[in-house]
Every structure is written in structure tokens, then in C-alpha cells.
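# Architecture and fold: a report
Residues per chain, in single letters:
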Amino acid sequence: MKQLAYERANSQQPGVPTTIPRVNMLGVGITPVNLAQTVEILEKWRAEGRREYVCCVSVHGLVEAQRDPEIRRALNRSGLSTEDGMPLVWWCRRAGYSSAGRVAGSELLLAICERGCQRGYRHYFYGGSPRGVQTLVSRLIQRFPGLVIAGYRSPPFRPLTQEEDAADVEAINETHPDFVWVGLGMPKQEKWIAQHVGRIQAAALLGVGAAFDFVAETKPRAPLWMQRSGLEWVFRLMAEPQRLAHRYLVYNSLFVALALQQIAGWKSYARDW
């Protein structure tokens, strides 16, 4: 029934489902879309004056959601929680959504920027280090002549005061962005966008994690064959072993154990969306 509803939605407007389904992964509702569909959904939100947010969800995000109910709520109340990792793509396809594909933050950022050059979309970038976000903006302008940069800001790593947060919201809104790209890292960015959706007047707030570093080329990206085979985590672990060892070795193992339990029917998760 889910697949039939999805196909009917797609038949009404090719590539853009009118009702976006979700696949229950450890109690997180992942939207089984691909990159082209995601771009069209974002453009639809802009045309309709919507105020939504997007989470690009990895295995790391699914495991964090088991530990932190606030993260789980943020992921389940998003407009889109996309598959930023091949295990999530394979799970969606196993659930019957054959067109599901990986929607990584960096690819989504580049796709919307490319489309935005043609249509005048205004982009705001929030997160990263001061030098990192400046490098990101410079790279994007070089790559996409005519790209409209509404603004950018690198907030301090400490928690903001209410006054500082309100000033950031006001400053962002004054630039009239269409899309606000948030690179604060998981789980901080998911909490931030869930708390700020509606307060910031943009079609979408998009949590894209390490995309700032990848697009700015301040960190290397795994070869395509590793990305497509689900081995990107190995490349990143080798590049940053001290920072990422716990995430990949512990979190990946937890994910495999929990996913096998759910798929085998030994454990079930209630829907929260």
C-alpha cells in the first residue's frame, strides 16, 4: 500500500511526490527520495512560501536518535529526512522504494546552487569556522558565476545567549534568504534547525554537516566507488582516525545490531511522525 500511494503521488507530478512517505528505521522516519526529487521538492516549497527544514541523515544520526529523544523528534518532524548513507538507501529499497537514492549534504548543496544560478535563489550559510565558511563561499562563487550569496556567519562554538540568538535570526532574515545551509555538525545542527524553523523566513533550513568542508575542499572526499559501495566511512576514518574512530567503530556496530533486530522482527519501533 505504501508503494502504491507513492507511485500515485509521483504520477500526479513527475518526480515530486505530493505525500512524502517515510520508512521506519529504528524509530526514525526516513523519506525515501533521491537527489532529483529532493531538488524539486525544495523548489516547490519555495514557490509555495513554505517554511520547512531538511535533515541529511546518516547512520550516525540514527544512532544518536536512540540516545537523544530531542534528536529523534527533530528528525521525525522535518519536511525531509534524506538518506545520507548507502545503508539507509538499501533499507529504503528493501522497503519497496526502488527509486530511493543517496541525498548527501554536499551533493544537495551543489545541486541547489547550480539550479539557483538560473533562478536567482538566495543562499545563506550558517556554521563552520570563520575561515572555512569564507572559503566555502569563495569556492561556490568561482564554481557558479552569478550565484546569489545572501550572507554567511560562523557562530561561536559555545552556546549562544538568547540575545545573541535573536540577533542572528534577525540578521539572517534581513538578507531575505530562500535557503539557509547549516553546517554545525550532528547533533547540534538538527536541534538548531528544529528550534529555528518558522522563526527564520526561508523556504528551507538544511542541515548538511560536513558539506561545508567537502565543498570548500578543506577536507578530502572519498572516491565515488567508495561512496557508492557504502565504504565512505572507511575513507573518513583513515583521514581523521582520532576524531571519528568512536563514531564509526562503535556507532556503526550499534546500527548493524539494531537494524538486524528490527529487520528480523525481534524488535519494533513506534512511529513518531
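Below or above, wherever it landed, is the structure these notes cover. All chains use their own residue numbering, which begins from 1 and follows the written sequence. For a predicted model such as this one, the threshold for reporting local features is a pLDDT of at least 70, and the threshold for listing and counting side-chain atom pairs is 80 or more; totals across whole chains, interfaces and linings nevertheless cover every residue. To get the side-chain values, take all heavy atoms of the structure and skip hydrogens and water.

## Let's talk about the packing of aromatic side chains
Spelled out, the test is: What counts as a ring pair is set by centres within 6.5 Å for rings of Phe, Tyr and Trp (its six-membered ring), and what kind of pair is set by the plane angle: stacked under 30 degrees, edge-to-face over 60, tilted for all other angles. Counting from the N terminus, the helices are the DSSP runs of H or I reaching at least four residues and the strands are the DSSP runs of E reaching at least two. Remark: exposure states derive from per-residue accessible area (1.4 Å probe, protein chains only) relative to the maximum for the residue type, with buried under 20%, exposed over 50%, and partly exposed in between.
Tallied over the full model, the rule gives five aromatic pairs. Taking the centre distance of 6.2 Å and the plane angle of 55 degrees together, the rings of W91 and F255 count as tilted. One end of the pair, W91, is in helix α5 (residues 86-94); the other, F255, is in helix α13 (residues 241-263), and 164 residues separate them in sequence. Grouping residues by exposure puts W91 and F255 together as buried. On the numbers, 6.1 Å between centres and 70 degrees between planes, the contact of F125 with F212 is edge-to-face. Highlighted residues: F125 in strand β5 (residues 122-127) and F212 in helix α10 (residues 211-216), separated in sequence by 87 residues. Accessibility classification places F125 together with F212 in one group, the buried group.

## Examining the packing of helix α2 (residues 35-48) against helix α6 (residues 105-119)
Going by this rule: Every axis in this analysis is a line fitted to C-alpha atoms, fitted for helices over the stretch in contact. Angles between the N-to-C directions lie between 0 and 180 degrees. Working rule for angles: under 35 degrees goes down as roughly parallel, over 145 as roughly antiparallel, 65 to 115 as roughly perpendicular, anything else as oblique. Should the near helix be turned anticlockwise from the far one by less than a right angle, the crossing is left-handed, and should it be turned clockwise, the crossing is right-handed. Contacts: residue pairs with any heavy atoms within 4.5 Å of one another. Polar here means any residue other than Ala, Val, Leu, Ile, Met, Phe, Trp, Tyr, Cys and Pro, which are nonpolar, and Asp, Glu, Lys and Arg, which are charged; Gly is therefore polar.
Taken N-terminus to C-terminus, the directions of α2 and α6 make an angle of 50 degrees; their axes are 10 Å apart at the nearest point. It follows from the interaxial angle that α2 and α6 lie oblique. Once α2 is placed against α6, the crossing between them reads as right-handed. Residues L35, T38, V39, L42, E43 and R46 of α2 pack against E107, L108, A111, I112, R115 and R119 of α6. Classifying every residue of the contact of α2 with α6 gives six nonpolar, one polar and five charged.

## A word on the sheet that holds strand β6 (residues 148-153)
Basically, it comes down to this: Here, any two strands with at least 2 DSSP bridges between them count as paired.
Across the sheet, six strands lie side by side as β4-β3-β8-β7-β5-β6; this open sheet has parallel pairing. Pairing within the sheet leaves two strands with one partner each, and these edge strands are β4 (80-83) and β6. Each adjacent strand pair in this sheet contributes to an overall mean axis angle of 20 degrees, direction not counted. For strand β3 (residues 52-57) and β4, the ladder comprises four bridges, and the chain directions are parallel. Opposite V54, over in β4, you have L80 as the bridge partner.

## Notes on the pairing of strand β8 (residues 204-207)
Defined as follows: A right-handed crossover is one whose linking path, passing over the helix from the first strand to the second, runs clockwise when the strands point away from the viewer.
The two faces of β8 match: A204 and L206 on one face and L205 and G207 on the other face are all buried. Sheet analysis places β3 next to β8, joined by four bridges and oriented parallel. Looking at the pairing, C55 lines up with G207 of β8. Where strand β7 (residues 179-183) meets β8, four bridges bridge the pair, whose relative direction is parallel. Among the inter-strand pairings, V182 is bridged to a residue of β8, identified as G207. Between β7 and its parallel partner β8, the chain crosses via helix α9 (residues 188-196), and the hand of that crossover is right-handed.

## Description of a nonpolar patch on the surface
Just so we agree on the cut-off: Like charges are joined within 9 Å and nonpolar side chains (Val, Leu, Ile, Met, Phe, Trp, Tyr) within 5 Å, but only among residues with over 30% relative accessible area and no salt bridge; these make up the patches. Exposure was quantified through the Shrake-Rupley algorithm and a 1.4 Å probe, taking into account, for residues, occlusion by the shown protein chains and nothing else. Salt bridges are defined by distance alone: a side-chain nitrogen of Lys or Arg within 4 Å of a carboxyl oxygen of Asp or Glu.
A cluster of nonpolar side chains, namely L249, V250 and L254, defines an oily patch on the protein surface of about 220 Å² accessible area. With respect to the secondary-structure elements, L254 resides in helix α13.

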